[in-house]
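Architecture and fold: a report
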Amino acid sequence: MTTSGKERLDSLQRLWTPWRMAYIKDPDQASEGCPFCVLPDRGPEHDRETLIVYRARWAFAILNAYPYNPGHLMMVPYRHVASIDDLTLEELHELADLCQRGVRALRAASGPHAFNIGMNIGGVAGAGIADHLHQHVVPRWGGDTNFMPVIGQTRVLPELLEETYDRLLPAFAEDEPGSGT
């Protein structure tokens, strides 16, 4: 293989993700404590920057800052608990309700063909933040790049998180009780 051919092959192994620079440049992010506790405590006036798309009484919905697909949501109890059996019935029911609302909002905003929904409870099970339970709702489309994180160790996202947030926020608001939907 020629040098230029090798350079072209090497360039195919890179994916440009400039939106992640904000997380790389923030040295305090890792030391702030549990993000699922810290982010909602910043208050509703910071919801766009913290990516919180909906606040309920016992739990909230937030866009995943490192999504598998655009619109990857997490439903999170406000209370810092590690396992589903630590939840009160109110928290458990509200997580289930938020999951349904998230699916409806994603359908309205993005029209996905299917969803992956689940929890990784504990680090061995794959939880990135094992000390604070959260449920994932990942929208899926036929032909999306679901193999990339596994084989290529890369995620492919066609839009910025802020664009996803702006599209999803009205869909959550329209699904508000008493809104007619």
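Right, let's get into the overall build of the protein chain. Helix and strand counts for the protein chain come out as seven helices and five strands. Taken from N to C terminus, the helices and strands of the protein chain fall in the order α-α-α-α-β-β-β-α-β-β-α-α. For the protein chain, the residues scored as buried account for 37% of the 181 residues in total.

This next bit is on the sheet that holds strand β4 (residues 114-118). Backbone hydrogen bonds hold the strands of a sheet together, and the pairing may be parallel or antiparallel. As summarised here, the arrangement of the five strands in space is β1-β2-β3-β5-β4, forming an open sheet in which the pairing is antiparallel. With partners counted over all chains shown, the strands left at the sheet margins are β1 (52-55) and β4, one partner each. Taking the axes of each pair of neighbouring strands and ignoring which way they run, one obtains an average angle of 20° across the sheet. Here β1 runs beside strand β2 (residues 59-63); their pairing, made up of three bridges, is antiparallel. When the sheet's bridge partners are listed, Arg55 is paired in β2 with Phe60. Helix-sheet contacts for helix α5 (residues 89-110) involve β1, β2, β3 (73-77), β4 and β5 (135-140), and the interaxial angle to β3 is about 160°.

Considering the arrangement of structural elements, one finds Asn64 in the loop between β2 and β3. Side-chain polar atoms of Asn64 contact the backbone nitrogen of Tyr66, separated by 2.7 Å. Sequence-distant contacts of Asn64, defined by excluding residues within four places in its chain, comprise His72, Met74, His136 and Leu161.

Counting 34 residues, the largest nonpolar core has Ile62, Leu73, Val137, Leu168 and Phe172 as the members making the most contacts within it. At the level of elements, α3 (35-41), β1, β2, β3, α5 and α7 (161-174) are the ones that each hand at least two residues to this core. It is α5 that contributes the most residues to this core, seven residues altogether. Those residues in contact with Leu168 that sit more than four places away from it in its chain are Leu63, Leu73, Ala105, Leu106 and Ala109.

Looking now at the confidence of the model for the protein chain. Across the protein chain, the average pLDDT comes to 81, with 72% of residues at or above 70. A low-confidence stretch, residues 27-31 stays under pLDDT 50, and its non-local contacts, those more than four residues away or across chains, total one contact.

Next up on the list: α7. In this model α7 runs 20 Å from its N-terminal to its C-terminal C-alpha over 14 residues, within 8% of the 20 Å that 1.5 Å per residue would give. Burial in α7 covers these residues: Leu161, Thr164, Tyr165, Leu168, Ala171 and Phe172.

This brings us to the packing of aromatic side chains. Any pair of aromatic rings gets described here by the distance separating the centres and the angle formed by the planes. Enumeration over the complete set of coordinates arrives at two aromatic pairs. For the pair Tyr54 and Phe172, a centre-to-centre distance of 5.6 Å together with 20° between the ring planes defines the contact as stacked. Here the residue Tyr54 occupies a position in strand β1, and Phe172 occupies one in helix α7, the gap between them amounting to 118 residues. Aromatic side chains Phe60 and Tyr78 sit 5.2 Å apart centroid to centroid with 35° between the ring planes, which places their arrangement in the tilted category. Of the two residues, Phe60 sits in strand β2 while Tyr78 sits in the loop between β3 and α5, which places them 18 residues apart along the sequence. Phe60 sits in the buried class, given a relative accessible area of 0%.

The next point concerns the pattern of salt bridges. Two side chains bearing opposite charge may form a pair once their charged atoms approach each other closely. For the structure on display, the rule yields three salt bridges. Measuring nitrogen to oxygen at the nearest pair gives 2.7 Å for the salt bridge that ties Arg48 to Asp166. Of this pair, Arg48 sits in helix α4 (residues 47-50) while Asp166 is found in helix α7, placing the two residues 118 residues apart along the sequence. Its relative accessible area of 41% is what places Asp166 among the partly exposed residues. Taking the shortest distance from any N to any O, the salt bridge between Arg79 and Glu91 comes out at 2.8 Å.

Here we take up the pairing of β2. A large share of β2 lies buried, amounting to five of its five residues. Between β1 and β2, which pair antiparallel in sequence order, lie three residues. As defined by bridge partners, β2 adjoins β3 across five bridges and the pair is classed as antiparallel. Within β3, the position partnered with Ile62 by the bridge is Met74.

Cut-offs used in this document
Residues numbered from 1 in each chain as written. Predicted model: local features only at pLDDT ≥ 70, side-chain atom pairs only at ≥ 80, totals over all residues. Heavy atoms only, no water. Helix = DSSP H or I, 4+ residues; strand = E, 2+ residues; numbered from the N terminus. Buried < 20%, exposed > 50% of the residue type's maximum accessible area, 1.4 Å probe, protein only. Pairing = 2+ DSSP bridges. Axes fitted to C-alpha atoms, helices over the stretch in contact; angles between N-to-C directions. Contact = heavy atoms within 4.5 Å. Polar contact = N/O pair within 3.5 Å; in protein donor to acceptor, adjacent residues only side chain to side chain. Core = buried A, V, L, I, M, F, W, Y, C linked by side-chain atoms within 4.5 Å. pLDDT = per-residue confidence, 0-100. Expected span 1.5 Å × (residues − 1). Phe/Tyr/Trp six-rings, centres within 6.5 Å; stacked < 30°, edge-to-face > 60°. Salt bridge = Lys/Arg side-chain N within 4 Å of Asp/Glu carboxyl O.

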